[in-house]
Amino acid sequence: MHEPALRAAAFGSDPLPDPAVVRGPGSPRERLLAAIVLGAQGRYAAAATLLDALWRGSDPVTASLAASTLASHRRQLGGHRQARALDGEALAKAASLDTEQDPDGLDAAGARADALLGLAADNLALGRLTAARRLAAQAAEEDAGWRGRVRGGWVGAEIALAAGQGADAVPHAERALETALARSARRHVVKSRIVLAVALRAAGAPDHRNISDDLVGNAMAAAEECELLSLSWPAALVAADLRPGHAEEYRFRVAQVLHAVLRSADPCGRRVAGESPWVPVPGG
């Protein structure tokens, strides 16, 4: 069984598992975890191959989690409309389910929280702030465990930032980082540091430049070390804003990583990235 190694890669302290573990056929749960790991590495086509089969499968919890995972991959490439349809389907699959609690939220409550938070992020990107707030509040009502709290913190911070309330974003981002650190969830720590850096900068907190710079520097180093390409280029974009004297260097790194990511994306992923105003065009 490869599930412990895949969980450690997806949600724990070891985001770089043996490639053979990720390639193995495995159970539906193992294939879902493998797809999460592949997506974090920016290998979206390989992840989509696994997820396409899973979200059409017979187990509603796994199908829901697969749909929301694929939605998150579309969202990472700027495909918020495509993600919203998948998140809606994920919510429908898990709406009335009740299953035994999973330590990482791979259960009915976690599936509903994933779908609701995904829908909140989708609506936020599409300019629907009120809907995003409502969906995030619904997600908070689910007993989704540590992962739901971390993702809820990210979305809460993003909602506050979109509303121009930088100071309100900081507590959400801080709670996400504290929860991820307590869980030793390295990938979630990386993203939480990026979100907190942006929140602190928007809030104009005392010494925010140095604190944000340190957070982003740590996030970039960890993303590079763990080959988390899905987080490397957003971290470098934030670094370009924080360190204007080195902005060209960081934007060059963004272009490098995005080129590699898009080469490893499926046709839908490449298309949505090309159409998105959020994703820089490599070489553009």
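Definitions and cut-offs
- Residues numbered from 1 in each chain as written.
- Predicted model: local features only at pLDDT ≥ 70, side-chain atom pairs only at ≥ 80, totals over all residues.
- Heavy atoms only, no water.
- Phe/Tyr/Trp six-rings, centres within 6.5 Å; stacked < 30°, edge-to-face > 60°.
- Helix = DSSP H or I, 4+ residues; strand = E, 2+ residues; numbered from the N terminus.
- Buried < 20%, exposed > 50% of the residue type's maximum accessible area, 1.4 Å probe, protein only.
- Polar contact = N/O pair within 3.5 Å; in protein donor to acceptor, adjacent residues only side chain to side chain.
- Contact = heavy atoms within 4.5 Å.

Asks: Outline the packing of aromatic side chains, supporting the account with residue identities and numerical values.
Replies: Scanning the entire structure with this criterion turns up one aromatic pair. Ring plane angle 80° and centroid distance 6.2 Å describe the contact between Phe11 and Trp146, whose orientation is recorded as edge-to-face. Placement of the pair is Phe11 in helix α1 (residues 3-11) and Trp146 in helix α9 (residues 145-162), with a sequence separation of 135 residues. Residue Phe11 is classed as buried on the basis of its relative accessible area of 4%.

Asks: Quick rundown of unusual backbone geometry? Include the residues and the values.
Replies: Most peptide bonds take the trans form, and the phi angle of most residues other than glycine is negative. Notably, Ser184 is not glycine yet its phi reads approximately 55°, a positive angle. With respect to the secondary-structure elements, Ser184 resides in the loop between α10 (166-183) and α11 (186-203). Here the phi dihedral of Glu227 falls at roughly 60°; this positive angle occurs in a residue that is not glycine. Within the secondary structure layout, Glu227 lies in the loop between α12 (208-225) and α13 (229-242). According to the relative accessible area criterion, Glu227 is partly exposed, its value standing at 45%.

Asks: Help me get a handle on the side chain of Ser192, residues and values and all.
Replies: By secondary structure assignment, the location of Ser192 is in helix α11. Taking relative accessible area as the criterion, Ser192 reaches 1% and is therefore assigned buried. At 2.7 Å, the side chain of Ser192 and the backbone oxygen of His188 are in polar contact. In contact with Ser192, not counting residues within four places along its chain, are Val150, Trp154, Ala176, Leu177 and Ala180.

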